[in-house]
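A look at the structure
Each chain is listed here by its residues.
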Protein chains: 6
Amino acid sequence: MTDTNKSDDRVKQFTEFRQRMNQRILDEPNQVVRRFFALDTQTYQPGALDVKTKELCGLVASMVLRCDDCISYHVAQCRDAGVNRAEMFDAFSIGLVVGGSIVIPHLRRAVDFLDQLETGGAATPEAHDHG
Amino acid sequence: MTDTNKSDDRVKQFTEFRQRMNQRILDEPNQVVRRFFALDTQTYQPGALDVKTKELCGLVASMVLRCDDCISYHVAQCRDAGVNRAEMFDAFSIGLVVGGSIVIPHLRRAVDFLDQLETGGAATPEAHDHG
Amino acid sequence: MTDTNKSDDRVKQFTEFRQRMNQRILDEPNQVVRRFFALDTQTYQPGALDVKTKELCGLVASMVLRCDDCISYHVAQCRDAGVNRAEMFDAFSIGLVVGGSIVIPHLRRAVDFLDQLETGGAATPEAHDHG
Amino acid sequence: MTDTNKSDDRVKQFTEFRQRMNQRILDEPNQVVRRFFALDTQTYQPGALDVKTKELCGLVASMVLRCDDCISYHVAQCRDAGVNRAEMFDAFSIGLVVGGSIVIPHLRRAVDFLDQLETGGAATPEAHDHG
Amino acid sequence: MTDTNKSDDRVKQFTEFRQRMNQRILDEPNQVVRRFFALDTQTYQPGALDVKTKELCGLVASMVLRCDDCISYHVAQCRDAGVNRAEMFDAFSIGLVVGGSIVIPHLRRAVDFLDQLETGGAATPEAHDHG
Amino acid sequence: MTDTNKSDDRVKQFTEFRQRMNQRILDEPNQVVRRFFALDTQTYQPGALDVKTKELCGLVASMVLRCDDCISYHVAQCRDAGVNRAEMFDAFSIGLVVGGSIVIPHLRRAVDFLDQLETGGAATPEAHDHG
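Cut-offs used in this document
Residues numbered from 1 in each chain as written. Chains lettered and ligands numbered in written order. Predicted model: local features only at pLDDT ≥ 70, side-chain atom pairs only at ≥ 80, totals over all residues. Helix = DSSP H or I, 4+ residues; strand = E, 2+ residues; numbered from the N terminus. Buried ≥ 20, exposed ≤ 12 C-beta atoms within 10 Å, placed from the backbone. Contact = placed C-beta atoms within 7 Å. Nonpolar A, V, L, I, M, F, W, Y, C, P; charged D, E, K, R; others polar. Least-squares fit on C-alpha atoms with pLDDT ≥ 70 in both. Core = buried A, V, L, I, M, F, W, Y, C linked by C-beta atoms within 7 Å. Axes fitted to C-alpha atoms, helices over the stretch in contact; angles between N-to-C directions. Left-handed = near helix turned anticlockwise from the far one by under 90°. Expected span 1.5 Å × (residues − 1). pLDDT = per-residue confidence, 0-100. Arc of directions from axis to C-beta.

What follows is about the overall build of chain A. Secondary structure summary: chain A contains six helices and zero strands in total. Residues counted as buried form 53% of the 131 residues belonging to chain A. Expressed as a percentage of contacts within chain A between residues at least 6 apart in sequence, the contacts between residues at least 24 apart total 67%.

This is the structure:
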């Protein structure tokens, strides 16, 4: 098995885990949790700001809070919303300067994920699959 | 090897790592570190608040600070203290609303760990095995 | 003017500011923000866990995230839910040990606020007045 | 003296403090600190993303990291870059949902500052005056 | 009253508040809280590392966690341990680069406090007065 | 394959990933990101403070911000700068007390990494390989 295949496999396993656990969470009769998930989805719908701008904001927020899963999610969403590589790096630069060098390990994984998306090595997670 | 077995294996490896490293840390003649570990254990002893309430507080604190190991530990301790699934999700909902969507990936892993505990796929870590 | 009066004044000013700004925020036609505020209120309603336990969890979460306004709010709500001083300090001790010495300045202000509540120097903020 | 005057005064004092301390910091012969300040300014220059989008990203990052001074700064910069009130609240909603209810006290102060900007009660800080 | 006098006054009020509240906290019969305060003091005693190095580490930790009270405390302790202005700025530069531009407002207040210490405008808090 | 070999392998894979991604990032024509990386390297050069003290500060900052990759990096750099095991644990104790029990899982992994360095199981990452 090649390195690329291993990487594909990890992304696929992660996506399946995310979908399975989101379903487990939404199956639970806890109204606050369910409403939070619905509100989270609503947040990135087009409004006064368009989806591209909102997703860039979500990406930078995820970087400064240093959450790899959230960063991957928003990188994929940004790309679907038409953010190109140079724009993505502009967003990365804001996250890096605001959040400091502690963001660097997450930046490395973000760029790796972006590389995989661009070479077809990672599927975009579905839109309702947030976080 | 089935997926469940792999998962059991990961939990077992993690528990062994935790016990081994705690021992390594306590073997070191650093009094501040040793006293901190003792104080950490003392914190969750019954006091004005009972163990169940204290562990729920520890769980929510771990969620908003987004530490998977700490969340797993407190989920297991809560369960041992008699917290049922609906109560656990009430605690999750507080962690989620206070800490925001950045908590969601940790919530997914928390629910996965709880599921494993409920189906016997994960042993409760020992009480002195904190963090 | 005595120190106590000055302190009363500050608490009163803060409460008025909070109410005025909450109203400004809810007057804005932004549905995500409005729904978040409603969800925040819903989170602390009685459920599988009672109000007292939920407010204690909210207090400890606010301490480890080090937000003075949130701590004051939950200290007042805890007190209304019947949490006594010894129980409050048990919650403080969890916040302190989980969050570390960086929590100490907030602990000082929390105890000052609790002292004011106990001597009548601070009114409990209204329930819908969260955060 | 009216409340509005007091508020003007606070904003003025804060702006003067910021300018004076930035000067003190840049007078110090520490090259890393100086370069960081220059890099911080460069970050928000037009690039692949325009200034408006970058400032919105900076605003949301400041909200989820809960820094009032940074939030005020970026609210003012966003307004100068043409962000209207509805767009500002869209950015606030992302900060609120990603960062959770712990953001609410900062949101109140952000809206208060925005209100002051819109009614002329607060001057926009100069561009080199970051943070 | 001059600006300098006002500033002296604020520092004095803050020191008095800290001492009074530390006493209130230690008067409370909560053993975990008391032991934490003792452990906090012990942490900065000379050990394998000397006091100067330990206080510099405490200062940088306080900067990246963005706690003004803790920063002021460690700036004063560092100065007492013989840290000069150039060394202090080296520590500031580490805090700034690791923690990012979000640290800048705290850096401004740290430099202001250091300036006051150097011109005699602020008394060093007593050593047991941590946090 | 023995456990030690597996561990060596993980460290090697991690080091290779870091080097490869740093190169990918620096290949990108984003000047802010490139300058940030250069500034990060400059921060730990000898100045008013020596390298050993700076690396200890970087280590404690990484602990309280709870970034495993950054902790491993600074543990290795500290060791190269002559920090012995007792001094390393003094730094760990500061990180633990300032940052709280939430730091414990990272402390375990830090001690494991230090053990590997001391027994030859992990190579020191190269100096330009920061974060």
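After that view of the structure, there is still more to cover.
In this section: the interface of chain A and chain D. On the chain D side, the residues contacting the 24 residues of chain A number 24 residues. When contributions to the side of chain A that touches chain D are tallied by element, the ones reaching two or more residues are helix H2 (31–43), helix H3 (51–64) and helix H5 (85–99) of chain A. Sorting elements by how many residues they give to the side of chain A that touches chain D places H5(A) first, with nine residues. When the residues that make up the side of chain A that touches chain D are grouped by side-chain class, the tally is 14 nonpolar, six polar and four charged.

Here the focus is the relation of the copies chain C and chain E. Under the fitted operation, chain C is carried onto chain E by 0.0 Å of movement along the axis and a turn of 120°, and the coordinates agree to an RMSD of 0.0 Å. Within this description, the copies of the chain are treated as partners about a three-fold rotation axis.

Once that is clear, we can look at the nonpolar core. Counting 246 residues, the largest nonpolar core has A:Val60, B:Val60, C:Val60, D:Val60, E:Val60 and F:Val60 as its most contacted members. Ignoring any residue separated from it by four or fewer positions in sequence, one finds A:Val60 in contact with A:Ala91, A:Ile94, A:Gly95, D:Cys57, D:Val60 and D:Ala61.

Think of interface size as the accessible area that goes away when the parts come together; that is how it is often given. Facing the 14 residues of chain C at the interface are 16 residues of chain E. Of all the elements in the fold, those that place two or more residues in the side of chain C that touches chain E are helix H5 (85–99) and helix H6 (104–118) of chain C. Per element, the largest residue contribution to the side of chain C that touches chain E is seven residues, and it comes from H6(C). Tallied by class, the residues present in the side of chain C that touches chain E amount to nine nonpolar, two polar and three charged.

Moving on: the relation of the copies chain A and chain D. Between the two copies of the chain lies a rotation about an axis combined with a shift along it. Superposing chain A onto chain D takes a rotation of 180° plus a shift of 0.0 Å along the axis, which leaves an RMSD of 0.0 Å. The superposition of one copy onto the other is thereby described by a two-fold rotation axis. Here 100% of the contact residues of chain A are again contact residues in chain D; the copies associate through an equivalent surface.

It is the contact of helix H2 (residues 31–43) of chain E with helix H5 (residues 85–99) of chain F, at a shortest axis distance of 10 Å, that shows an interaxial angle of 145°. Crossing geometry of H2(E) relative to H5(F) is assigned as left-handed. For the pair formed by H2(E) and H5(F), the contact residues are E:Leu39, E:Asp40 and E:Thr43 on the first element and F:Ser93, F:Ile94 and F:Val97 on the second.

Our next topic: unusual backbone geometry. Phi is mostly negative for residues that are not glycine, and the peptide bonds are mostly trans. Despite not being glycine, A:Arg66 shows a phi value in the positive range, around 60°. Tracing the backbone through its elements, the reader meets A:Arg66 in the loop between H3 and helix H4 (68–80).

Looking now at the environment of A:Tyr44. Residue and element names in this part refer to chain A. Summarising the element assignment, Tyr44 is placed in the loop between H2 and H3. Each C-alpha atom, one on Tyr44 and one on Lys54, is 6.0 Å from the other, the two residues being ten residues apart in sequence. Apart from the residues within four sequence positions on either side, Tyr44 is in contact with Val51, Lys54, Glu55 and Gly58.

To continue, consider the environment of A:Val33. As for its position among the elements, A:Val33 is in helix H2. Measuring from C-alpha to C-alpha, the distance between A:Val33 and A:Ser101 comes to 33 Å, with 68 residues separating the pair along the chain. Not counting residues within four places of it along the chain, the set of residues in contact with A:Val33 comprises A:Ile25, A:Glu28, B:Phe89, B:Phe92, B:Ser93 and B:Leu96.

Below, the discussion takes up helix H6 (residues 104–118) of chain A. Residue and element names in this part refer to chain A. In this model, H6 (15 residues) spans 21 Å end to end at C-alpha, consistent with the 21 Å of a helix rising 1.5 Å per residue. Where burial is concerned, most of H6 is hidden: eleven out of the 15 residues are buried. Taken as a whole, H6 has its buried residues at Ile104, Pro105, His106, Leu107, Arg108, Ala110, Val111, Phe113, Leu114, Gln116 and Leu117.

Attention now moves to the confidence of the model for chain A. All names here are of chain A. When pLDDT is averaged along chain A, the result is 89; 85% of the residues meet or exceed 70. Per-residue pLDDT stays below 50 along residues 126–131; that stretch engages in 14 contacts with residues further than four places along the chain or on separate chains. Predicted complex metrics record ipTM = 0.89 and pTM = 0.92.

Another aspect to go through is H2(A). All names here are of chain A. Helix length check: H2 (13 residues) gives 18 Å between terminal C-alpha atoms against 18 Å at 1.5 Å per residue, within 8%. Restricting attention to buried positions, one finds in H2 the residues Val32, Val33, Phe36, Phe37, Leu39, Asp40 and Thr43. Down the axis of H2, the buried side of the element spans an arc of 165°, and every buried residue falls inside it.

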